[in-house]
Amino acid sequence: MSSSTFFVDKAGVDQQQPLDFWPATVIPKEAIDAEVERLADLPIPANGRRQSWIVHPHSKAPGLGLAPGIRVNLDVLKPGEKTAPFRHNATEVNFCIRGGGYSISGGKRVDFGQYDVWNHPSYVTYWHVNDGKDLQVRLTYSNAALLDKMNVYLAEENAPTDIRAVEGEGYDYGEGKGREDPRRESPYGTFQLTEDGAWLMPYETLINPASVPSPVLHWPWASVKENIDKLEALGKDYVGRRLYLLYNPRTERTNGTTPSFFATMTIRPPKIVDRPHRHVSAAINYYFSGSGRSTVEGEVLEWKAGDLMLSAPGWAVHNHASYDDYVYELTVQDQPLNIWMESLLWQEDLKLPASILGSQPGFGTNRKLAGAAE
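What counts and what doesn't
Residues numbered from 1 in each chain as written. Predicted model: local features only at pLDDT ≥ 70, side-chain atom pairs only at ≥ 80, totals over all residues. Heavy atoms only, no water. Core = buried A, V, L, I, M, F, W, Y, C linked by side-chain atoms within 4.5 Å. Buried < 20%, exposed > 50% of the residue type's maximum accessible area, 1.4 Å probe, protein only. Helix = DSSP H or I, 4+ residues; strand = E, 2+ residues; numbered from the N terminus. Pairing = 2+ DSSP bridges. Axes fitted to C-alpha atoms, helices over the stretch in contact; angles between N-to-C directions. pLDDT = per-residue confidence, 0-100. Contact = heavy atoms within 4.5 Å. Salt bridge = Lys/Arg side-chain N within 4 Å of Asp/Glu carboxyl O.

Chemist: Whenever I open this one, the nonpolar core confuses me. Can you help?
Modeler: Here is a general trend for soluble globular proteins: nonpolar side chains tend to be buried in one another's company. Among the nonpolar cores identified, the biggest contains 42 residues, and F95, L139, Y141, M265 and L308 are the most heavily contacted of them. Top contributing element to this core by residue count: helix α1 (residues 29-41), with five residues. Counting nine residues, the second-largest nonpolar core is a separate cluster that includes V26, L301, W303 and A316.

Right, here's the structure in full:
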């Protein structure tokens, strides 16, 4: 094998290459409803998971997702059904769009209803139960697509469970204590090397850092709505967005719901037009009330209640506008991951042509996934 096989000559080459945006895409309510019914009509699988992945046409394996690094699952449980215990090394944001039930995650029971949000930490065993009379339909957002791309996605069916989950005692996450075997401890420990703040850390601390509890948290829609409805009073002069982050303090300054994603709940009063902006993180919106339009890289896409949308490919200029009624939406975005990677850039108040900003419903193209119901 020639040594040149390992090298790609980039001497003098401009490092900024054109960005290949995945087009903003609407998956309409009708297509989602049809897939829910298809899944519900299937015989129950051995693992209990009636599941489909929602995949963007530009996505390629490994790492199939609705956005690069973001996988969205559509999950359905019929009344009386439950899934088998499962765990994986991905973190999840869960969102119930129909029905209700409960999940056992890390020994904690989460009773949820329509539009509730809760998280699943990494490698914690969980399962779902439908103890109601309607279909239970969930959207699950995870970083499994990114882990797949890295070739390190690990999943375990029929995972071990903790009896305390049934008894409601909760889960012991541990105190994060290091190894106490003196043969495995460096006598020098971790110490500062230079005056400007460079340190040295020994092997045993590197591979066994102190753990930080990653709790299962639940954001009930009724309580969230009570608070975001107050944001309407901010008035037309307010230039921010009327939303609240479903904040997990575990993520600290990265402002996340999980270490990879934030989830926000937004209210848009009628005829509100956002200022154009862009960010490195990708955004996926689910609209569960109202209707409106989004302008993404100059293309206008209309949406309505029940639609799911890749609303902002990373670094694509975009803005959103509501029509004649109130809009409620859940937005999931991989901003916390980008903050940790120091890759996040965010620009506000960008300029778009007046012809686009002032466009009326029906202007431009309304792109949908190939094969989606009209």
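What follows continues from the structure just given.
Chemist: So what exactly am I meant to see when it comes to the sheet that holds strand β18 (residues 283-289) here?
Modeler: Two modes of strand pairing occur in sheets, parallel and antiparallel, and in both the strands are linked by backbone hydrogen bonds. Taken together, six strands build an open sheet; the order of strands is β1-β21-β18-β23-β16-β15 and the sheet is antiparallel. Pairing within the sheet leaves two strands with one partner each, and these edge strands are β1 (25-27) and β15 (243-245). Strand-to-strand, the axes of this sheet are offset by a mean angle of 25 degrees, without reference to chain direction. Pairing analysis gives four bridges linking β18 to strand β21 (residues 308-312), with the strands arranged antiparallel. Residue pairing for β21: A283 is matched across the bridge by A312.

Chemist: Please explain unusual backbone geometry as it appears in this structure.
Modeler: Peptide bonds are mostly trans, and most non-glycine residues show a negative phi. The peptide bond linking A61 to P62 adopts the cis configuration, its omega dihedral lying at -5 degrees. Tracing the backbone shows P62 in the loop between β2 (50-54) and β3 (71-77). Of note in this structure, N255 is not a glycine but carries a positive phi near 55 degrees. Note that N255 resides in the loop between β15 and β16 (262-268). Residue classification places N255 among the partly exposed positions, given a relative accessible area of 34%. With phi around 50 degrees, E297 is a residue other than glycine that occupies positive phi space.

Chemist: Is there a simple way to explain the confidence of the model for the protein in this structure?
Modeler: When pLDDT is low, close inspection of the predicted coordinates is not appropriate. For the protein, the average pLDDT comes to 88, and 87% of its residues sit at 70 or higher. Contacts from residues 163-179, a stretch scored under 50 in pLDDT, to residues over four places away or in other chains number 28 contacts. Across residues 354-374, where pLDDT falls below 50, the model places 42 contacts with residues more than four positions away in sequence or in other chains.

Chemist: What is the right way to read the pattern of salt bridges from this model?
Modeler: Any two side chains of opposite charge can pair, on the condition that their charged atoms come close. Under the criterion given, the structure shown has 19 salt bridges. Taking the shortest distance from any N to any O, the salt bridge between R49 and E157 comes out at 2.6 Å. In this pair, R49 is assigned in the loop between α1 and β2 and E157 in strand β11 (residues 155-157), connecting sequence segments 108 residues apart. With relative accessibility at 37%, the residue E157 sits in the partly exposed group.

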